[in-house]
Amino acid sequence: MIKLKALIHDIPVPIRLFLGKALLFFVTWKIIYGVFLYDSKVIDHPLTIHIGDASVHLLNSMSSMSGYTSIREIKISTYDGEVTTQEASKIYHNGKAIVYIIDRCNGLELIVLYIGFIVCMPSNFWRKVRYIILGVIVLDITNILRCAGLIYLQEYFLAYFEFIHLYLLKASMYTITFLIWMLFSRKIHLKNEAIQIR
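Position labels on residues start from 1 in each chain and follow its written sequence. Local features in a predicted model are, by the rule used here, given only for residues with pLDDT of at least 70; side-chain atom pairs are given and counted only at 80 or more, and totals for whole chains, interfaces and linings are based on all residues. In computing side-chain properties, one takes all heavy atoms of the structure into account and sets aside hydrogens as well as water.

Peer 1: I would appreciate a short explanation of the packing of aromatic side chains in the present structure.
Peer 2: How two aromatic rings sit relative to each other is given by the distance of their centres and the angle of their planes. Here the aromatic set is Phe, Tyr and Trp, taking the six-membered ring for Trp, and pairing holds for ring centres within 6.5 Å; pairs whose planes are under 30 degrees apart are stacked, those over 60 apart are edge-to-face, and all others are tilted. Going through the model one piece at a time under the given rule, you end up with ten aromatic pairs. Ring centres of F125 and W126 lie 4.9 Å apart, and the angle between their planes is 80°; on these two criteria the pair is classed as edge-to-face. With a 1.4 Å probe rolled over the protein chains alone, any residue whose accessible area is under 20% of its type maximum counts as buried; one over 50% counts as exposed, and the rest are partly exposed. Looking at W126, the relative accessible area reads 57%, which means it is exposed. Three or more aromatic residues joined by ring pairs make a cluster, and in this case those are Y152, Y156, F157 and Y160. Over the aromatic face of Y38 sits the side chain of K41, whose NZ or CZ is 4.2 Å from the ring centroid. Should the NZ of a Lys or the CZ of an Arg lie within 6 Å of a ring centre and within 35 degrees of the ring normal, that charge is described as sitting over the ring.

Peer 1: Looking at this structure, how should I read the environment of K75?
Peer 2: Residue placement: K75 occurs in strand β1 (residues 68-79). When the C-alpha atoms of K75 and I98 are compared, they prove to be 13 Å apart, with 23 residues separating the residues in sequence. Working rule for contacts: check all heavy atoms of both residues, and any pair within 4.5 Å makes them a contact. Not counting residues up to four positions away in its chain, the partners in contact with K75 are T84, T85, Q86, A88, Y100 and I102. Numbering of helices and strands runs from the N terminus, with a helix taken as a DSSP run of H or I at least four residues long and a strand as a DSSP run of E at least two residues long.

Peer 1: Please clarify how the state of the cysteines should be interpreted in this entry.
Peer 2: Covalent bonding between the sulfur atoms of two cysteines defines a disulfide. Cysteine sulfur atoms that pair up within 2.5 Å are treated as a disulfide. For the structure on display, the rule yields zero disulfides. C147 forms no disulfide, and the closest cysteine sulfur to it belongs to C105, at a distance of 6.2 Å. A relative accessible area of 4% means that C147 is categorised as buried.

Peer 1: How should the nonpolar core be read in this particular structure?
Peer 2: Nonpolar side chains tend to gather and get buried jointly when the protein is soluble and globular. The term nonpolar core refers to a set of buried residues drawn from Ala, Val, Leu, Ile, Met, Phe, Trp, Tyr and Cys, joined through side-chain atoms within 4.5 Å. Among the nonpolar cores identified, the biggest contains 22 residues, and L59, Y68, I91, V99, I101, L150 and I151 are the most heavily contacted of them. Elements supplying a minimum of two residues to this core: α3 (44-61), β2 (82-93), β3 (96-101), α5 (125-156) and α6 (158-185). Examining the composition of this core, we find that six residues originate from one element, α5, more than from any other. The residues touching I151, leaving out its near neighbours within four places in the chain, are S55, L59, Y68, I91, I98, V99 and I101. Residues L110, I111, I180 and W181 belong to the second largest nonpolar core, which totals 15 residues.

Peer 1: Please clarify how α5 should be interpreted in this entry.
Peer 2: The periodicity of an α-helix, 3.6 residues per turn, causes residues three or four places apart in sequence to face the same way. In a helix, the anticipated span is given by 1.5 Å times the number of residues less one. End to end, α5 covers 46 Å across 32 residues, agreeing with the expected 46 Å (1.5 Å per residue, within 8%). Each polar contact in these results corresponds to two N or O atoms within 3.5 Å; when the atoms are within protein, one needs to be able to donate a hydrogen and the other to accept it, and residues that are neighboring in sequence are counted only if both atoms are side-chain atoms. Between the side-chain oxygen at the start of α5 and the backbone nitrogen of W126 there is a gap of 2.7 Å, and the oxygen is on N124.

Written as structure tokens, this is what we have:
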């Protein structure tokens, strides 16, 4: 226990402040989301509709393909004998059901994670605002491209869908988030940067 206290004490104060603010931000967000936002879908519902509609628009207008539509429907799933229902944007191509875009795929958690990092870092208020707006737009566009690609994969290259959906595109979303964080952090200088481990 003494070594842990010594290790924590050796972490520079600005880093401890950042980690404390990040933990507080994360806990506050989880409480607000879990208590007030999850069941009401006040953020998830419009964001999922937006991602579905924008992905369909991209496929219809920016490619040689057309006939894609996005409709908000109830998705019924069975997992280990338990039946669950959730609203989702169901994507159709010429009347044929292709894929669901569910609330977990709307990018909200990644956007909140990104905003939390920016808010917790020491920087000028207006610089934080600029990077939050820029980052949310970039992450939204990236998620739309990701979902449009997944719709295309589900329809034409089903064998690759699971790997690309679960690993490749998820890693690319986190990589883009990390790159924006790095861009934001390049002008931030923390004092006492060296961490000594005993």
